[in-house]
Amino acid sequence: MVLKKNGRRELFDRGKLLNGLLRSCDKRTVPMSVMEQVVNDVERDIRNEINQEVTTDRIGELVLQQLKDIDQVAYVRFASVYRKFDNIDSFMEELKALKKLDAKKPKRN
């Protein structure tokens, strides 16, 4: 079961998660197979947790962990909806955090 922010509970819906990824990855070069793998990984992770309920916050964080390494634009798009940025400052803080993480990653040759 997924515990929504408004307190409602509903069954986990892979389709909703995939639709969110599709919107975030619109006009990006992220293959459908990669998006489907993200959904598979998130579903596996939440099913392996001890709790029978998972919050939408937990699901969002699991998606963001993967998106930051897949496509940074898709990451920011997903984060902007998931974290509900209400002003440009919160948006800029997320960009700064992403840039800091990117700077720490080893560079590929």
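Residues numbered from 1 in each chain as written. Predicted model: local features only at pLDDT ≥ 70, side-chain atom pairs only at ≥ 80, totals over all residues. Heavy atoms only, no water.

As annotated in an unreviewed UniProt entry, the chain is Transcriptional repressor NrdR from Veillonella dispar ATCC 17748. Annotation of the chain in UniProt includes, under Sequence similarities (unreviewed entry), the sentence "Belongs to the NrdR family." (UniProt positions renumbered as here; feature names shortened; annotations may be inferred.)

Student: How should the environment of Val63 be read in this particular structure?
Tutor: Along the chain, Val63 turns up in helix α3 (residues 56–70). The buried category is assigned to Val63, whose relative accessible area is 0%. In this structure the C-alpha to C-alpha distance between Val63 and Leu21, which are 42 residues apart in sequence, comes to 8.6 Å. In this view, Val63 contacts Leu17, Leu21, Val42 and Phe78; residues no more than four positions away in its chain are not counted. (Helix = DSSP H or I, 4+ residues; strand = E, 2+ residues; numbered from the N terminus. Buried < 20%, exposed > 50% of the residue type's maximum accessible area, 1.4 Å probe, protein only. Contact = heavy atoms within 4.5 Å.)

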